[in-house]
Each structure stands twice: as C-alpha cells, then as structure tokens.
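Fold and geometry: a report
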Amino acid sequence: MRIQNIPYIAAMLVFCLLGNRAVADDHMVAVTLPELSELAQQGQSVFGANCAICHGENGSGSDKGPPLIHVIYEPSHHADMAFVMAMRNGVRAHHWPFGDMAPVEGLSLADMEAIIAFVREVQVANGID
C-alpha cells in the first residue's frame with residue numbers, strides 16, 4: 001500500500017464509521033430537508049444547477065463527488081471560507097477518492113453565500129453542526 005493512499009483509506013473508514021445512513025445507489029447518505037430560509041432556498045436552486053451533478057441532490061453525494069451533508073464538512077473542520085475557496089479555485093482531493101474538484105465558473109459571491117446557507121441549514125437538520 002502506498003503512503004499517498006492512506007488519506008483516502010482513512011476518509012472512507014471515517015465515512016463508514018461516522019457517516020450518515022448509507023442508502024440508494026444514486027446518493028451516499030440519506031438527507032432530511034428542513035424548512036429552509038429564503039437565502040437557503042435560493043442556495044438550493046443554485047446548488048441544484050451547479051453542484052448537484054457531483055455532490056448529489058441536496059448534498060447527498062454521488063459516484064462523482066462526496067456528500068456535503070457529512071461530519072467531515074462540519075463548520076469546525078471546513079469553515080464557510082473553505083467552501084468559497086473550493087468554488088472559486090477548485091480543490092485538490094484530500095478526504096475522498098473522487099479526484100480533484102474544478103472551480104465552479106460563473107458563481108457570484110452572493111450565489112456562493114446562498115449555497116453555503118443551504119448546505120449549513122441542511123447539515124444542522126441532519127445533526128451536523
């Protein structure tokens with residue numbers, strides 16, 4: 001086993017031990033949607049158009065990207081600015097074996113703030129805060 005594979009193995013172990021309930025093939029975790037604020041509703045729409053293709057419907061993950069409704073993305077580990085930087089600049093794979101994330105073109109700062117509000121409200125509704 002190569003040393004560079006250890007972070008991927010550790011992330012998958014964390015997912016298996018601490019992750020939300022594993023469910024159907026099209027997403028990795030079960031997500032309960034709360035009643036969303038107006039900002040989060042806007043974020044849900046922008047997320048659906050720009051992020052869901054990889055991160056799954058409502059952040060549940062897919063075979064192309066990790067779930068954002070997961071303890072790994074709680075605010076104390078990935079602050080809001082980490083999400084902004086990932087959307088603006090892309091990010092190297094470091095928790096999951098999905099590969100690097102490309103920047104998300106065409107999002108305004110207001111779009112990013114709305115996406116973050118959506119993700120954070122859904123996280124709280126699913127016990128991640």
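Computed from a predicted structure; not experimentally measured.

The rules behind the values
- Counting restarts for each chain, with residues numbered from 1 along the sequence as it is written.
- For a predicted model such as this one, the threshold for reporting local features is a pLDDT of at least 70, and the threshold for listing and counting side-chain atom pairs is 80 or more; totals across whole chains, interfaces and linings nevertheless cover every residue.
- In computing side-chain properties, one takes all heavy atoms of the structure into account and sets aside hydrogens as well as water.
- By the criteria applied, helices consist of DSSP H or I runs no shorter than four residues and strands consist of E runs no shorter than two, each listed in order from the N terminus.
- Relative accessibility under 20% of the residue-type maximum defines a buried residue, over 50% an exposed one, and the middle range a partly exposed one, all with a 1.4 Å probe and only protein chains included.
- Contact criterion: two residues are considered in contact whenever any of their non-hydrogen atoms come within 4.5 Å of each other.
- For accessible areas, the Shrake-Rupley method is used with a probe of radius 1.4 Å. Any residue's cover is judged against the shown protein chains and nothing else.
- Only the stretch in contact is used when a helix axis is fitted, and all axes are lines through C-alpha atoms; the angle between N-to-C directions ranges over 0 to 180 degrees.
- Should an angle fall under 35 degrees it is taken as roughly parallel, and over 145 as roughly antiparallel, whereas 65 to 115 is taken as roughly perpendicular and any remaining angle as oblique.
- Three classes are used: nonpolar for Ala, Val, Leu, Ile, Met, Phe, Trp, Tyr, Cys and Pro, charged for Asp, Glu, Lys and Arg, and polar for all others, with Gly counted as polar.
- Computed over the protein atoms alone on a 1 Å grid, cavities are sets of points where a 1.4 Å probe fits but cannot get out and pockets are open sets with protein on both sides within 12 Å along at least five of seven lines; a residue lines them when it has an atom within 4 Å of a point.
- Grid points are joined across faces, edges and corners, and a volume is the space filled by probe spheres set on the points.

**Re the overall build of the chain**
Of the regular secondary structure elements, the chain holds five helices and zero strands. Walking the chain from its N terminus toward its C terminus, one meets helices and strands in the order α-α-α-α-α. Counting across all 129 residues of the chain, residues that qualify as buried make up 40%. Across the chain, contacts joining residues at least 24 apart in sequence account for 64% of those joining residues at least 6 apart. Accessible surface, the chain: about 7500 Å² in total, of which carbon and sulfur atoms supply 57%.

**A word on the environment of Gly56**
Looking at the element boundaries, Gly56 is found in the loop between helix H3 (52–55) and helix H4 (80–89). Spatially, the C-alpha atom of Gly56 lies 7.0 Å from that of Pro67, the residues being eleven residues apart in sequence. Residues contacting Gly56, with those up to four places away along its chain left out, are Phe47, Cys51, Gly61 and Ser62.

**Some details on the packing of helix H2 (residues 38–50) against helix H5 (residues 109–125)**
Interhelical geometry of H2 versus H5 gives an angle of 105° and a closest axis separation of 7 Å. Overall, the two elements H2 and H5 adopt an arrangement that is roughly perpendicular. Side by side, H2 and H5 meet where Leu39, Ala40, Gln42, Gly43, Gln44, Val46 and Phe47 of the first sit next to Asp111, Glu113, Ala114, Ile115, Ala117, Phe118, Val119 and Glu121 of the second. Here the contact of H2 with H5 is composed, by residue class, of nine nonpolar, three polar and three charged.

**Quick notes on the side chain of His55**
For His55, the location among the structural elements is in helix H3. A residue is classified by how much of its surface remains accessible, and His55, at 13% relative accessible area, is buried. The contacts of His55, once residues within four sequence positions are left out, are Phe47, Ser60, Gly61, Ser62, Gly65, Pro66, Leu68 and Met101.

**Observations concerning the layout of surface pockets**
One way to see where empty space is left: roll a probe the size of a water molecule over the atoms. A volume near 580 Å³ is recorded for the largest pocket. Of all the elements in the fold, those that place two or more residues in the lining of the largest pocket are H2, H3 and H4. With four residues, H4 is the largest single contributor of residues to the lining of the largest pocket. Partitioned by chemical class, the residues of the lining of the largest pocket number 20 nonpolar, seven polar and three charged.

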